[in-house]
Amino acid sequence: MRILISGAAGFLGSHLCDRLIKEGHTVIGLDNFITGNPMNLAHLAGNERFSFIKHDVSEYIFAPDKIEAVLHFASPASPNPESPFSYPNLPIQTMKAGALGTHNMLGVAKANAARFLLASTSEIYGDPLEHPQTESYWGHADPIGFRSVYDEAKRFAEALTMAYHRFHGLDTRIVRIFNTYGPRMRLDDGRVVPNFIQQALLGNPISVYGDGAQTRSFCYVDDLIEGIYRLLLSDEHMPVNIGNPSEISIKEFAEKINTKVGNKAGIIYEEDKRLGDDPQRRQPDITRARTILGWEPSTNLDMGLEKTIRYFQGQLGL
Ligand code: NAD
Ligand code: UDP
C-alpha cells in the first residue's frame, strides 16, 4: 500500500513508519515538527519507499498520487504544563490537529477511497468511573478542564471518523491508545516515563505529582505498533483499546525506576503539580483486541524499561 501518516516525526509515528516500510509498504510522512523530531526519521533518508512532507495537518493537504491508507497521528500528546511541548501549552494547535487535522486527513482518505486509521486515546474516558476501561464505556471527561483541549479534540475526532464511516461509507478504524513508552520519546515532553528516567539517570530525586496513588498501565512501543498494524489490516470499524493491562501506581513506578537505575536520591512528592483532572486510575480492558485481532502485549515492564533506559542514556551522553 501507499500510506500517508501524519505525525510521522513523532515517537509513535516514526516507529509506525519503520514497521510499515519493513512490511513492504510505501510511506509518505507528514509532520510540522511542533513536538516531533526530524532525527526520529533521519535513518530513513534515501530510502526509496519513504518520502516526507513538512506540513501542518490543520491546513488543506494536497496528496498528488493515489493513496491506499491514511493514518492520523499528528497531535501534541503530553499533558504536563511544565513542558513547552505539552498540549496545555499548545491548546489551540491541539484542538486544530484533532478537529481540522482529522477532517483534512479524512478528506484525503475519501478522495482516494483509502482506508483511514485514527490515533485516539484512553483520555477519551476522562477520569474514568469504570475500571478497567472497556470500549463501551462513554467516559467521564470535563469539557473545560486542563486536559479538555486534548480529550475533547479526540472525542470530536472519533465522532467525525464515525460520521465519515456511516455517512460516506469510508473504511475507517479507531485505536484507543493507552500510555505507551519506549525509545524516541522526547526527553523534555514532560510525560512520566522520560521525566522519571531522566531524573534517575542524573541522580536527582524523582518528582511524583500528588501522593503517587494514581495508576497507569504502560505498554512498550513495539507491542503497540503490532496491535495497530493488525487493526489496520482488519475489518474492524468500532474503537479498539490497545495497551498493556498491567497496572502500577505512579509511586511504585518511581521506585522501580530508581531501583533499575541505582538512583539513591529517592522521591519528592509535589502536590501542587498534579492537574485537577489527572485520571486517578487507568487500565485497558483488551478483550476486544484479543478477540478481534488475536493481539496481546508480549513485553513486560522490566524488559521495556531496560531498553528505554538505554536509549535515554544515549540521549544524555551517559
Ligand atoms: P509525539 O508528540 O511524539 O508525536 C506527535 C507528532 O505529531 C509530532 O511529530 C508532531 O510534530 C506532530 N504534529 C502535531 N501537530 C501537528 C500538525 N498540526 N501538523 C503536522 N504534524 C503535527 O507524540 P506521540 O506519543 O507519538 O503521539 C502520537 C499520537 O498518538 C497522538 O495523536 C497522540 O494523541 C496519540 N497517543 C499517544 C499515546 C502515547 O502514550 N504515546 C497515548 C494515547 C494517544
Ligand atoms: N507524573 C508525575 N511526575 C512527573 C510527570 C507525570 O507524577 O514528572 C504523573 C502525572 O501526574 C500522571 C502520571 O504521572 O498522574 C502520568 O502522566 P503522563 O504525563 O505520562 O500522562 P497521562 O497518563 O497523565 O496522560
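As shown above, the structure is provided for reference.
For every chain, the first residue of the written sequence is number 1, and numbering continues from 1 onward in sequence order. Chains and ligands are labelled sequentially in the order written, the chains with letters from A and the ligands with numbers from 1. Owing to the predicted nature of the model, reporting of local features is limited to residues with pLDDT of at least 70; listing and counting of side-chain atom pairs is limited to 80 or more, with chain, interface and lining totals taken over all residues. Calculation of side-chain values draws on the structure's entire complement of heavy atoms; hydrogens and water are dropped beforehand.

A. Layout of the packing of helix α5 (residues 192–201) against helix α7 (residues 250–261). Working convention: axes come from line fits to C-alpha atoms, limited for helices to the stretch in contact. Angles between N-to-C directions cover 0 to 180 degrees. Helix and strand labels come from DSSP, where a helix needs a run of H or I of at least four residues and a strand needs a run of E of at least two; each type is numbered from the N terminus. Orientation of α5 relative to α7, taken along the N-to-C sense of each, is 40°, at an axis distance of 9 Å. Judged by the inter-axis angle, α5 sits oblique to α7. Of the two elements, α5 crosses α7, and the hand of that crossing is right-handed. Of the residues in α7, those in contact with Val192, Val193, Phe196, Ile197, Ala200 and Leu201 of α5 are Ile250, Phe253, Ala254, Ile257, Asn258 and Val261. Here the residues of the contact of α5 with α7 are counted per class, giving 11 nonpolar, 1 polar and no charged. Any angle that is under 35 degrees is reported as roughly parallel, and any over 145 degrees as roughly antiparallel; angles of 65 to 115 degrees are reported as roughly perpendicular and all others as oblique. By convention the crossing between two helices is left-handed if the near helix lies anticlockwise of the far one by an angle smaller than a right angle, and right-handed if it lies clockwise. Working rule for contacts: check all heavy atoms of both residues, and any pair within 4.5 Å makes them a contact. Each residue gets one label: Ala, Val, Leu, Ile, Met, Phe, Trp, Tyr, Cys and Pro are nonpolar, Asp, Glu, Lys and Arg are charged, and the others, such as Gly, are polar.

B. The site of ligand 2, seen in detail. Here a residue counts as near a molecule or strand whenever at least one of its heavy atoms sits within 4 Å of it. In the neighbourhood of ligand 2, 17 residues make up the surrounding shell, with Arg147, Ser207, Tyr209, Arg216 and Asp278 lying closest. The definition of a polar contact used here is a pair of N or O atoms within 3.5 Å, where within protein one atom must be able to donate a hydrogen and the other to accept one, and adjacent residues in sequence count solely through side-chain atom pairs. Take Ser207: an N or O atom from its main chain is 2.7 Å from a nitrogen atom of ligand 2. Summarising the interface, the protein chains cover 95% of the accessible area of ligand 2, which totals 520 Å² for the free molecule. Listing elements by their share of the shell around ligand 2, those giving two or more residues are α5 and β8 (206–209). Counted by class, the shell around ligand 2 contains 6 nonpolar, 5 polar and 6 charged residues. The Shrake-Rupley method, run with a 1.4 Å probe, gives the accessible areas here. Residue values count only the displayed protein chains as cover.

C. Quick peek at the site of ligand 1. Lining the immediate environment of ligand 1, one finds 27 residues, of which Asp31, Thr35, Asp56, Tyr150 and Lys154 sit closest. Here an oxygen atom of ligand 1 and a side-chain polar atom of Thr35 are 2.6 Å apart. One of the side-chain N or O atoms of Asp56 is found 2.8 Å from a nitrogen atom in ligand 1. Here ligand 1 has 820 Å² of accessible area as a free molecule, and 96% of this is covered by the chains. Those elements that provide at least two residues to the shell around ligand 1 are α1 (11–22), β5 (115–121) and α4 (148–168). Per-class residue counts for the shell around ligand 1 are 11 nonpolar, 12 polar and 4 charged.

D. Main features of the state of the cysteines. The term disulfide is used for any two cysteine sulfur atoms that are within 2.5 Å. In total, this model carries 0 disulfides according to the counting rule given. Cys17 forms no disulfide, and the closest cysteine sulfur to it belongs to Cys219, at a distance of 18 Å. A 1.4 Å probe rolled over the protein chains alone gives each residue an accessible area, and that area as a share of the maximum for its type sets the label: buried under 20%, exposed over 50%, partly exposed in between. The buried category is assigned to Cys17, whose relative accessible area is 0%.

E. Local environment of the nonpolar core. Membership of the largest hydrophobic core comes to 56 residues, with the highest contact counts inside it found for Leu20, Leu71, Phe73 and Phe253. The biggest single contributor to this core is helix α6 (residues 221–233), with 7 residues. Apart from residues no more than four positions distant in its own chain, Phe73 is found in contact with Ser6, Gly7, Leu12, Leu16, Leu117, Ala119, Ile177 and Ile228. To define a nonpolar core, start from buried Ala, Val, Leu, Ile, Met, Phe, Trp, Tyr and Cys residues and group those joined through side-chain atoms within 4.5 Å. Residues Leu30, Ile67, Val108 and Ala157 belong to the second largest nonpolar core, which totals 22 residues.

F. The arrangement of the sheet that holds strand β1 (residues 2–6) in detail. One open sheet accounts for 7 strands, arranged β3-β2-β1-β4-β5-β6-β11; its pairing is parallel. Edge strands, defined here as strands with exactly one partner in the open sheet, are β3 (50–54) and β11 (240–242). Strand-to-strand twist across the sheet, computed as the mean angle between neighbouring axes with direction ignored, equals 20°. Two strands pair when backbone bridges link them, and strand β6 (residues 172–177) and β11 are joined in this way by 3 bridges, in the parallel orientation. Looking at the pairing, Ile177 lines up with Ile242 of β11. Sheet contacts for α1: β1, β2 (26–31), β3, β4 (69–72) and β6; angle to β1, the most-contacted strand, approximately 170°. Strands qualify as paired when DSSP identifies two bridges or more between them.

G. Fine view of the pattern of salt bridges. The term salt bridge refers to a side-chain nitrogen of Lys or Arg lying within 4 Å of a carboxyl oxygen of Asp or Glu. In this structure the tally under the stated criterion is 25 salt bridges. Asp278 is the partner of Arg216 in a salt bridge, and the nearest nitrogen-oxygen pair spans 2.6 Å. A residue pair is termed long-range when its members are at least 10 positions apart, and Arg216 in strand β9 (residues 215–217) and Asp278 in the loop between β13 (267–270) and α8 (287–293) qualify at 62 residues. Owing to a relative accessible area of 7%, Arg216 belongs among the buried residues under this scheme. The exposure class of Asp278 is buried, given its relative accessible area of 10%.

H. Representation of the environment of Asp171. Examined against the element boundaries, Asp171 turns out to sit in the loop between α4 and β6. Given a relative accessible area of 26%, Asp171 falls into the partly exposed group. Placed 102 residues apart in sequence, Asp171 and Ala69 show a C-alpha to C-alpha distance of 9.5 Å. A distance of 3.1 Å separates the side chain of Asp171 from the side chain of Arg173, its partner in a polar contact.

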